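Analysis of the macromolecular model
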Amino acid sequence: MDLDEAFLHTGEFGRYQKRLTGFLVLLQVYVASQSMLIVLVGAVPEYHVIDQENIPESKEDYDKYVHYANNFTSIVSEWHLIKHEAYKVNLASSLFFAGLLIGNVLFGPLSDKLGRKPVYLSGLFFDIIFGYLAALAPSYEVFAISRFFVGVMNGGMALVSFVLTQEYVGKSYWALTGSLTNLTFALGIALYALLGFYIRNWRTLAFVANCPGIFFFLLSFLLPESPRWLYSQGYTAEAEKVLESIAVGNSVNRPVIKLRLGAGAAKSGGPAHSVLDLVRYEVLRWRTLILMYIWYVCSLVYYGLTLNAGELKGNLYLNVALSGLVEVPAFPLCLYFIEKSWCGRGRATSGFLVFAGLGCIFTMFLPESNECRAL
């Protein structure tokens, strides 16, 4: 039997698979807090400059001339990132997303070559280490460099964990697990805002927000390797054992899983597939370019709005929470449309893009305000 047929015997989304994917879906709360960390720890508190004309060059003397509101602390208030130093907050955010890009590019091929589980565990481990280093950073430079490496590990680890949520289940449940992953990320933003509301010291907030990573890291050792990856690499016997353990965990009478040989063509000397296949064939090349452009536009708008939540008027923590909660209705709607035969993936994508574009056009005609200019 082939792999998809084997999942029909073991259960496509049984009790055991629900536990596995549920655990990885909850990991998105940690991923979200690391991704949105700068929104609160880089927020600018109200401050008053006593003598505008005689501010010293030495940062050690800043405390004599600049008084910050005491409702919360941030890297701005600790390292006086105001005036000509204000760009450093955005720089730290940019370094994180530069690391995110590198992590996504590196971890995908690595997980294809070395396996999902070891690459995922390594990324999560170093994500935690650099997360604590950022929380304890003695200087802005150490903080910024740490955030870059958090971005590398966070982006790569999150990518591999997402792939695992797909590869543990039958293909008819891929849309569900993918939607739940993104839904939990949105809820994670709101939970991070709630945590920031109660923890106003930025170092304590960064430290506490990083602590759940230890819980997820330790429990992740219990995760099995992806049966789809094992099968694709020619480890047929190992894939059969994982599938049999899934069947047992689903309380299915232990079936005899015998997979067809030949999936690991690369191991036996056959032609190996690679990411270059996406540009080697004309049909795949154009589809890949279109999807990459769509992903670029969506990410640009999404993170532009979400990271800007801290700059809007009103309550800082409520704005951040709402920036996450406003996404929640989209995921059940998306899941509904892409599963309908009359809509599917392509039409659903086009429809949501059209409505998003209309929403952007609509905001252009809103009355001018500080909030509109911030957007």
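We now turn to the structure provided with this report. Keep in mind that what you see is a predicted model, and the values were worked out from it rather than measured.

Re the overall build of the chain
Assigned secondary structure in the chain consists of 19 helices and 2 strands. Evaluated residue by residue, the chain yields a buried proportion of 43% over its 375 residues. The contacts of the chain with a sequence gap of at least 6 include a subset with a gap of at least 24, amounting to 75%. Accessible surface, the chain: about 20200 Å² in total, of which carbon and sulfur atoms supply 67%.

Regarding the environment of arginine 200
Along the polypeptide, arginine 200 turns up in the loop between helix 9 (174–198) and helix 10 (202–210). For the pair formed by arginine 200 and valine 41, sequence separation is 159 residues and the distance between their alpha carbons is 9.1 Å. Not counting the four nearest positions on each side in its chain, arginine 200 is found in contact with Asn71, Phe72, Thr73 and Tyr317. Within the local environment of arginine 200, its side chain forms a polar contact with the backbone oxygen of asparagine 71, the two atoms lying 3.2 Å apart. Engagement of the side chain of arginine 200 in a polar contact is seen with the backbone oxygen of phenylalanine 197, the distance being 2.7 Å.

A look at the side chain of asparagine 319
Position of asparagine 319 among the secondary structure elements: in helix 16 (residues 316–325). Under the relative-accessibility criterion, asparagine 319 is labelled buried at 15%. Ignoring sequence-local partners within four residues, the contact set of asparagine 319 consists of Ala309, Leu312, Lys313 and Gly314.

Describing the packing of helix 2 (residues 15–35) against helix 13 (residues 236–249)
Viewed as axis vectors pointing N to C, helix 2 and helix 13 meet at an angle of 105 degrees, and their least axial separation amounts to 6 Å. When the axis of helix 2 is compared with that of helix 13, the two are roughly perpendicular. Where helix 2 abuts helix 13, its residues Arg15, Tyr16 and Gln17 lie against Ser245, Ile246 and Gly249. Residue composition of the contact of helix 2 with helix 13, by class: 2 nonpolar, 3 polar and 1 charged.

Comments concerning helix 6 (residues 87–114)
Over its 28 residues, helix 6 extends 39 Å from the first C-alpha to the last, a length consistent with the 40 Å expected when each residue adds 1.5 Å. Looking one or two residues beyond helix 6, the residue adopting positive phi is glycine 115, at roughly 115 degrees.

Here's the deal with the nonpolar core
Ranked by size, the top nonpolar core spans 82 residues in total, and within it Ile75, Tyr120, Leu124 and Phe143 carry the most contacts. Leave out the neighbours within four places in its chain, and tyrosine 120 touches Phe23, Leu24, Leu27, Met157, Val160, Ser161, Phe216, Ser220 and Leu223.

Digging into the packing of aromatic side chains
As enumerated under the stated definition, the model contains 24 aromatic pairs in all. A ring pair is formed by phenylalanine 97 and tyrosine 303, whose centres lie 4.9 Å apart and whose planes are at 65 degrees; its orientation type is edge-to-face. In this pair, phenylalanine 97 sits in helix 6 while tyrosine 303 sits in helix 15 (residues 282–307), placing the two residues 206 residues apart along the sequence. For phenylalanine 97, a relative accessible area of 22% translates into the label partly exposed. The class of tyrosine 303 is partly exposed, set by a relative accessible area of 21%.

What counts, and at which threshold
- Residues numbered from 1 in each chain as written.
- Predicted model: local features only at pLDDT ≥ 70, side-chain atom pairs only at ≥ 80, totals over all residues.
- Heavy atoms only, no water.
- Helix = DSSP H or I, 4+ residues; strand = E, 2+ residues; numbered from the N terminus.
- Buried < 20%, exposed > 50% of the residue type's maximum accessible area, 1.4 Å probe, protein only.
- Contact = heavy atoms within 4.5 Å.
- Areas by Shrake-Rupley, 256 points an atom, 1.4 Å probe, with all protein chains shown as cover.
- Polar contact = N/O pair within 3.5 Å; in protein donor to acceptor, adjacent residues only side chain to side chain.
- Axes fitted to C-alpha atoms, helices over the stretch in contact; angles between N-to-C directions.
- Parallel < 35°, antiparallel > 145°, perpendicular 65-115°, else oblique.
- Nonpolar A, V, L, I, M, F, W, Y, C, P; charged D, E, K, R; others polar.
- Expected span 1.5 Å × (residues − 1).
- Core = buried A, V, L, I, M, F, W, Y, C linked by side-chain atoms within 4.5 Å.
- Phe/Tyr/Trp six-rings, centres within 6.5 Å; stacked < 30°, edge-to-face > 60°.

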